[in-house]
Amino acid sequence: MESAMNAPADTVLERLRHELAHPPFHALLNPEAVSADAETGVVVIRLPYSPALRRAAGSDNIHGGVIAALIDMAAHAAIAVRIGRMAPTVDLRIDYLKPAPGADLYATAKVLRLGRAIARADVEVAHAPGAAPCAVGRGTFSTLDPRGGA
């Protein structure tokens, strides 16, 4: 398994910013990496508010599918910064705790378990870092090296 844990923090954050800008789907959401720690597996991703993300016309609340995508991105990012490569999603669980306000959202993800075959990460989504979460999620990701290494 390649390790990103020895990389300087600014290098890890810049790599995460590059990876978030790469997929065409992400261009619809414009996620921004705020912080990334390869040693602890903690990342924070900001999702800028846009009226296009609302759950319904006339509502300022953000659509649940957008929140699910943010949780998946953040959990994946936490795993990827630890192992230094992509980690495909195996399973994703989301609990919506309250409506997400029409404001920027912050997803804070932390690696719970990093194994040879799978990894797990927990994510909290809130309107500001440290605020009460509007949603929480847990993702399971494959850590198997597609090139055949363990």
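Residues numbered from 1 in each chain as written. Predicted model: local features only at pLDDT ≥ 70, side-chain atom pairs only at ≥ 80, totals over all residues. Heavy atoms only, no water.

Here we come to the UniProt feature "domain: Thioesterase" (unreviewed entry) in the protein. The feature "domain: Thioesterase" (unreviewed entry), as given by UniProt, occupies residues 61–130 in the numbering adopted here. Along residues 61–130 the backbone is 29% helical and 39% strand, and the end-to-end C-alpha distance reaches 19 Å. (UniProt positions renumbered as here; feature names shortened; annotations may be inferred. Helix = DSSP H or I, 4+ residues; strand = E, 2+ residues; numbered from the N terminus.)

Our next topic: the pattern of salt bridges. Scanning the model with the defined rule gives six salt bridges in all. The salt bridge involving R46 is made with E32; its shortest N-O contact spans 2.3 Å. Taken as a pair, R46 in strand 2 (residues 42–47) and E32 in strand 1 (residues 32–37) lie far apart in primary sequence, 14 residues in all. Several salt bridges share partner residues, and in doing so they unite E32, R46 and D104 into one network. (Salt bridge = Lys/Arg side-chain N within 4 Å of Asp/Glu carboxyl O.)

Before going further, it helps to spend a moment on the nonpolar core. Judged by nonpolar contacts, the single largest core of 39 residues is most densely connected at V43, I67, I79, L105, V123 and V125. In terms of residue count, the dominant contributor to this core is helix 3 (residues 64–83) (13 residues). V43 has contacts with L16, S35, A36, A74, A77, A78, V81, A107, T108 and A109, leaving out every residue within four places of it along the chain. (Core = buried A, V, L, I, M, F, W, Y, C linked by side-chain atoms within 4.5 Å. Buried < 20%, exposed > 50% of the residue type's maximum accessible area, 1.4 Å probe, protein only. Contact = heavy atoms within 4.5 Å.)

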